[in-house]
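# Structure at a glance
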Amino acid sequence: KSTDMTSSGQNKQVRLDAINFIKMLVKWRKQLTILFVVSLLASYAATFLITPLYKSTTVIYPFNLENYSKESSTEQMVQLLKSEDVRQELIRAFNLYEHYEIDSTGASPRYEMMLQLDENISVTKTEYESVEISILDSDPKTAAMMCDSIIAFMDKKALSLIRDKAKENLIIIKMRLKEKTLEMDSMINLQNQLSMKYGILDYENQVLGFSREYYRSMGGGGSTSRMETAKRNLEEKGNEAFSLKENLWRVRGQYNDLKKESEELQSTIIKKISFHNLVTKAVPAEKKDSPKRMLLSILLTLSVLTIGILVIIYQEFYKKQFDASIADN
């Protein structure tokens, strides 16, 4: 019976319900109040050690971007803005290793830089198919300038891609132009041979003129040997001359089309193009975006208070049982 009462007492001691919890809070109210006030003041003071960050935001629409796959122009712009080349341009332009106080000779400087950029730079596609760029920085003017610069570097990257593609296509076009030039030269040489050897210059017109002259001669007493030779030449080489003229006309058309395409590619290589329409220009922020001191201090205070309550719960309800368990062992 004594053992049962002891066991019952222990069960009552370790039982944690709402009533016992409230009683515990009342019992430790002074300590908890002091802990709350001290942690609130300390956490709020600690937030002043955090460097304030200012946010600048700009919104742009894609323009002049070519589709390389199934992705939309907006998605393509997001990829360009997040590209390695654009990030490296931004790092160099603003000396970000020094600005972010990252040791470039350390163990993993690039990894640290990419983490910092991921935290400070946000590039998102909006529901209206535009792109929103937000940049956080300790200097509001720098944040705004970085917004402008990342757009300029995106334009530069997009233009580089288009120029590289145009240069590759231009090499192919020039090869085809050379082939067509050789093909036309060969046909013109054949035409000259037909002209010099057989006297065929313009087959269609020559046939019409020769026919009138030939039948007139036949009606007047017969054709001459010269006319018979011309007749034979037209019969034997006329179709060849006609086909040669048609093919030369076709090849010249292809050459002119290639020449026009070549000029357009050369224009693309040298011209400057913008690939965005600016909707909202980035301006230096007047108020800091972070840290939210009061919110942060409240969260820290609640965390400390929660830990304090857990320690008290252990002290009040489980310590004796835990000590007894150790003693029994």
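Our subject is the structure that appears above.
### Points about the nonpolar core
Grouped together as the largest cluster of nonpolar side chains are 34 residues, with contacts concentrated most on Leu81 and Ile133. Those elements that provide at least two residues to this core are helix H4 (73–81), helix H5 (84–93), helix H7 (109–120), strand E2 (121–125), strand E3 (131–137) and helix H8 (140–198). If one sorts the elements of this core by residue count, H8 sits on top with ten residues. When neighbours within four sequence positions are excluded, isoleucine 133 is seen to be in contact with Ser56, Thr57, Thr58, Ile60, Leu81, Ser122, Val123, Cys147, Ile150 and Ile151.

### Observations regarding a negative patch on the surface
Together, Asp257, Glu261, Glu263 and Glu264 make up a region of like negative charge exposed at the surface. Residue position: glutamate 264 is located in helix H10 (residues 225–270).

### Quick notes on the pairing of strand E1 (residues 54–62)
Pairing analysis gives seven bridges linking E1 to E3, with the strands arranged antiparallel. Counted as the bridge partner of lysine 55 is leucine 136 from E3. Examined bridge by bridge, E1 and strand E4 (residues 276–280) share four bridges and lie antiparallel to one another. Across the sheet, tyrosine 61 pairs through a bridge with asparagine 277, a residue of E4.

### Overview of the environment of leucine 159
Within the secondary structure, leucine 159 sits in helix H8. Relative accessible area serves as the criterion here: at 10%, leucine 159 is assigned to the buried category. Taking the C-alpha atoms as reference points, leucine 159 and phenylalanine 275, 116 residues apart in sequence, are found 8.2 Å from one another.

### A closer look at the pairing of E2
When E2 meets E3, the two strands line up antiparallel, connected through five bridges. When the sheet's bridge partners are listed, isoleucine 121 is paired in E3 with isoleucine 135. Where E2 folds back on E3, the antiparallel hairpin that results is connected by five residues, among which glutamate 129 adopts a positive phi of roughly 65 degrees.

### Considerations on unusual backbone geometry
Note on backbone geometry: most residues besides glycine have negative phi, and most peptide bonds are trans. Phi is positive for asparagine 64, close to 70 degrees, though the residue is something other than glycine. In this structure, glutamate 129 takes a positive phi of about 65 degrees despite not being glycine. Among the structural elements, glutamate 129 can be located in the loop between E2 and E3. Residue glutamate 129 is classed as partly exposed on the basis of its relative accessible area, which comes to 35%.

Criteria and cut-off values
Residues numbered from 1 in each chain as written. Predicted model: local features only at pLDDT ≥ 70, side-chain atom pairs only at ≥ 80, totals over all residues. Heavy atoms only, no water. Core = buried A, V, L, I, M, F, W, Y, C linked by side-chain atoms within 4.5 Å. Buried < 20%, exposed > 50% of the residue type's maximum accessible area, 1.4 Å probe, protein only. Helix = DSSP H or I, 4+ residues; strand = E, 2+ residues; numbered from the N terminus. Contact = heavy atoms within 4.5 Å. Patch = residues over 30% accessible without salt bridge, like charges linked within 9 Å, V, L, I, M, F, W, Y side chains within 5 Å. Areas by Shrake-Rupley, 256 points an atom, 1.4 Å probe, with all protein chains shown as cover. Salt bridge = Lys/Arg side-chain N within 4 Å of Asp/Glu carboxyl O. Lys, Arg positive; Asp, Glu negative; His and termini not counted. Charge placed at Lys NZ, Arg CZ, Asp CG, Glu CD. Pairing = 2+ DSSP bridges.

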